[in-house]
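Working through the structure, step by step
The lines below spell out each chain.
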There are 4 protein chains.
Amino acid sequence: MTVVEADSGGRLRADAERNRARVLDAAQVVFGRDGPSVGVDAIACEAGVGVGTVYRRFPTKQDLLRAVIERLGDQIVEEVAATATDAPPGERFDAVFSTLAVRYAGSRALVDAVNADEAGAEEIPVFRARVERALRPVVEAAQGAGAVRRDVRATDVIGLAGATSLLAPPHVTGDAGLWLRARSVVLDGLRPDAATPFPDDAGPAGPDAAR
Amino acid sequence: MTVVEADSGGRLRADAERNRARVLDAAQVVFGRDGPSVGVDAIACEAGVGVGTVYRRFPTKQDLLRAVIERLGDQIVEEVAATATDAPPGERFDAVFSTLAVRYAGSRALVDAVNADEAGAEEIPVFRARVERALRPVVEAAQGAGAVRRDVRATDVIGLAGATSLLAPPHVTGDAGLWLRARSVVLDGLRPDAATPFPDDAGPAGPDAAR
Amino acid sequence: MTVVEADSGGRLRADAERNRARVLDAAQVVFGRDGPSVGVDAIACEAGVGVGTVYRRFPTKQDLLRAVIERLGDQIVEEVAATATDAPPGERFDAVFSTLAVRYAGSRALVDAVNADEAGAEEIPVFRARVERALRPVVEAAQGAGAVRRDVRATDVIGLAGATSLLAPPHVTGDAGLWLRARSVVLDGLRPDAATPFPDDAGPAGPDAAR
Amino acid sequence: MTVVEADSGGRLRADAERNRARVLDAAQVVFGRDGPSVGVDAIACEAGVGVGTVYRRFPTKQDLLRAVIERLGDQIVEEVAATATDAPPGERFDAVFSTLAVRYAGSRALVDAVNADEAGAEEIPVFRARVERALRPVVEAAQGAGAVRRDVRATDVIGLAGATSLLAPPHVTGDAGLWLRARSVVLDGLRPDAATPFPDDAGPAGPDAAR
DNA sequence: CATGAATGAGGCTTCATTCAT
DNA sequence: GATGAATGAAGCCTCATTCAT
């Protein structure tokens, strides 16, 4: 059965890797579209492979979901790093915020998984930490440039972007403007001149207060 | 038919009604905690009744979910009407915003179901309309008092409160301050003096622009 | 509770008996219409009583079905005894045959129960025996008058009537003539002049060969 | 996709087909024995497979029942076509009648489902039409040969065979002769010399009167 | 005693996972 | 290694039966 050709090992491994990527692509699309409760069959179908192949690469649906979240982290880190690099810090901040929210919005899997502990529980903190590490310089640069109030943390920005993403398509379908207005409001609320001091028990962010 | 006490029917119905309430209570808690995908058995168990009892009152799981959403609407309307009635419009607005977000946070079922239409699709518009009707006077009073920017609609406020609720307990457990800071940011963003005009295609809200 | 009036025992017993009859009436109608798989609730509803009352009179759905079958036996015996009493034996036979088939046709409960052992297993032989006892004189009189072949038994006639009933309304709805033609064919087959001798292993009926 | 034997798909499908046949066999037996209300588990068990396998082949219990009915049609058509092909028309008619009745007797599901439309409602007319088409030449040949009265239709014969099947094994176990005698009676009733003209409203069958 | 609410086992169906091909 | 058929636990729902009122 396995004896096919001399270099089959190499060829197969390449094939396998390609298959893994296809499954992951499909999973991201389908989880993003239908949420984590979607069947594995749908993912296999979208990927154009059999379920068995999915399970060969990812022993569990959970593992697949985790991998999607991890990859989403990769993509966000990359995108953040590539977004509006040449713009002034304040504008860059706004652009990155949008990028983040749009990414989140396109992945109900993530939103749901972040909300419920049920899915990818262990990956979430890692995910958040990575995104935070990517975001922090952007936030700090904007704060340094006076474009963002100094008492918010990167985690706050991430939380707000995630929250705002709930109002973006495809989550909200009826009123496309809703998400734009909401983003605008949140960004306004992040300006220094709008800042009402945070309540005491919410404490201003010390440099190491994250998490 | 036979000669029995006149109120026996009433007593039975009282008991049944009590049980219905228990089921609804349990459903609100469990749906709120675990989302709409939770099993009916879990709800029956939480309510301390058999599954059959649940199905006697609510012929379908969907019906139960709808009833929870409807009841949530009741509660929100009541709570909004009772929140900070004597405070000045601006303060009242802030308090109501918090009320709304906390209610939403306690019912992920709603956040999920309202945003994806998968659940209780017909109830959602009704629910939204009711909440909007309850909120609009509060928003308009605050706008009249100069405490809230004039170009946001009640639906925007509801959307933002719903979004922000993602960051409130019991969802986010690690960092209680996150939710307080996020709320603060959003409220700041809603002040008139922070307002950046909304982008054109998001359209400024006319006085009667509601949905 | 039970202390109401002095003659309550008598009154109640009368009431109870009336209720039992109502339940039985309803059961016959509903079983006959919808088959034995129909829910007890439907019977209680038809009877205008609560399920509890049904279960007070008949500890089990099976018991109720058995009672219906028994009562059907009563009715058939009565009807047979009352059918075309003054007609000549041959005509009376035909009329009784029709009566039997129509009764059967109106009671899917019986047909199903007779077919499957599942229901009323013990009642069936009793039922059959009673019907046979009622039918035998009619058959024998017709045989004596030369209107029916001599080698059929009463059980054969019962079987054929039951079988033919499958083709009567409400079982067969599309073609009302079907049942009439089928009955005609069977009755013709029962005439002496049509008789092909029964095959050997089906043996002509000895006087005590029944069952 | 990858390089595998060309016929692997074929082999898989062969296995699946074999399993499908096993499920169908089992369903025919079990439905035939216990009626359409029997549990799917019982069928799966009889087939020696899990319930999931049943549902892979037949998305619904109804579908399975329909398939059984369809297959029964196949079998009847085949059997009729193969029964006593060389015998004279009259004898062939008798043999076919028996074949039909025995087949029906082995499938109470059909008798029940065909008469009440509760099951596989759409398949029933198709089934009936197929059986009728198979039977009509046999009936007409026998009529042409003077072995069967000319005023019966193929549908009448089918109805009578179905009805008579109620008395055949395995339904009636106690008295094997009953079914033989009943068959004999019905066949006698179908002879031309026994014929009593059908009552008017049952209409004599014109040559093309089929349904 | 009548009522109908409560119960929970059992039926149909889905889907994550395993395994023969 | 890929495939998709097989598996069976678990979910939704029904209904025969019991029990509080």
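No experiment lies behind these values; they were computed from the predicted model shown. (Residues numbered from 1 in each chain as written. Chains lettered and ligands numbered in written order. Predicted model: local features only at pLDDT ≥ 70, side-chain atom pairs only at ≥ 80, totals over all residues. Heavy atoms only, no water.)

Some points on unusual backbone geometry
Phi at Ala-84 of chain A takes a positive value of approximately 50°, unusual for a residue other than glycine. Mapped onto the fold, Ala-84 of chain A is located in the loop between α4 (61-82) and α5 (89-105). (Helix = DSSP H or I, 4+ residues; strand = E, 2+ residues; numbered from the N terminus.)

A few points about the protein's contact with DNA strand E
In the region of DNA strand E, 31 residues are neighbours, and Asn-19, Thr-53, Arg-56 and Arg-57 of chain B together with Lys-61 of chain D sit closest. Sugar plus phosphate: this is where 69% of the atoms of DNA strand E within 4 Å of the protein reside. Contacts to DNA strand E include Asn-19 of chain B, whose side-chain N or O atom sits 2.3 Å from a phosphate oxygen. Note that a phosphate oxygen of DNA strand E is positioned 2.4 Å from one of the side-chain N or O atoms of Arg-56 of chain B. Those elements that place two or more of their residues in the surface near DNA strand E are α1 (8-34) and α3 (51-57) of chain B together with α3 (51-57) of chain C. In terms of residue class, the surface near DNA strand E is made up of 11 nonpolar, 13 polar and 7 charged. (Near = heavy atom within 4 Å. Polar contact = N/O pair within 3.5 Å; in protein donor to acceptor, adjacent residues only side chain to side chain. Nonpolar A, V, L, I, M, F, W, Y, C, P; charged D, E, K, R; others polar.)

Observations regarding the protein's contact with DNA strand F
In the region of DNA strand F, 32 residues are neighbours, and Thr-53 of chain A together with Asn-19, Thr-53, Arg-56 and Arg-57 of chain D sit closest. Protein-proximal atoms of DNA strand F, defined as those within 4 Å of the protein, fall in sugar or phosphate at a share of 71%. Here a phosphate oxygen of DNA strand F and a backbone polar atom of Gly-50 of chain A are 3.3 Å apart. Arg-57 of chain A places a side-chain nitrogen or oxygen 2.8 Å from a phosphate oxygen of DNA strand F. Broken down by secondary-structure element, the contributors of at least two residues to the surface near DNA strand F are α1 (8-34) and α3 (51-57) of chain A together with α1 (8-34) and α3 (51-57) of chain D. When grouped by side-chain class, the residues that make up the surface near DNA strand F number 12 nonpolar, 13 polar and 7 charged.

Details of the packing of aromatic side chains
Residue and element names in this part refer to chain B. Under the definition given, this model contains 4 aromatic pairs over all chains. A ring pair is formed by Tyr-104 and Phe-127, whose centres lie 6.4 Å apart and whose planes are at 35°; its orientation type is tilted. In this pair, Tyr-104 sits in helix α5 (residues 89-105) while Phe-127 sits in helix α7 (residues 123-144), placing the two residues 23 residues apart along the sequence. Classification of Phe-127 by relative accessible area gives buried; the value is 3%. Against the face of Phe-198 rests Arg-149, its NZ or CZ located 4.3 Å from the ring centre. (Phe/Tyr/Trp six-rings, centres within 6.5 Å; stacked < 30°, edge-to-face > 60°. Buried < 20%, exposed > 50% of the residue type's maximum accessible area, 1.4 Å probe, protein only. Lys NZ or Arg CZ within 6 Å of the ring centre and 35° of its normal.)

A closer look at the pattern of salt bridges
Considering all chains together, one arrives at 49 salt bridges over all chains under this definition. A salt bridge links Arg-33 of chain A to Asp-34 of chain A; its shortest N-O distance comes to 2.9 Å. Among the ionic pairs, Arg-181 of chain B bridges to Asp-156 of chain A, the shortest N-O distance being 2.7 Å. Of this pair, Arg-181 of chain B sits in helix α9 (residues 176-189) while Asp-156 of chain A sits in helix α8 (residues 154-165), which puts the two residues in different chains. Each member of the salt-bridge network shares a partner with another, and the members are Asp-175 and Arg-181 of chain A together with Arg-153 and Asp-156 of chain B. (Salt bridge = Lys/Arg side-chain N within 4 Å of Asp/Glu carboxyl O.)

Comments concerning the interface of chain A and chain B
Where interface size is quoted, it is often the accessible area lost as the parts come together. Of the residues lining the interface, 42 residues belong to chain A; the matching set on chain B comes to 41 residues. Summing both partners gives a buried area of about 3100 Å² for chain A against chain B, and 60% of it is carried by carbon and sulfur. The tally of links between chain A and chain B comes to 5 salt bridges. Our count for the chain A to chain B interface comes out at 6 residue pairs in polar contact (both at pLDDT 80 or more). Here the element with the most residues in the side of chain A that touches chain B is helix α9 (residues 176-189) of chain A; it accounts for 10 residues. Here the residues of the side of chain A that touches chain B sort into 19 nonpolar, 12 polar and 11 charged. (Contact = heavy atoms within 4.5 Å. Buried area = accessible area lost by both parts, 1.4 Å probe.)

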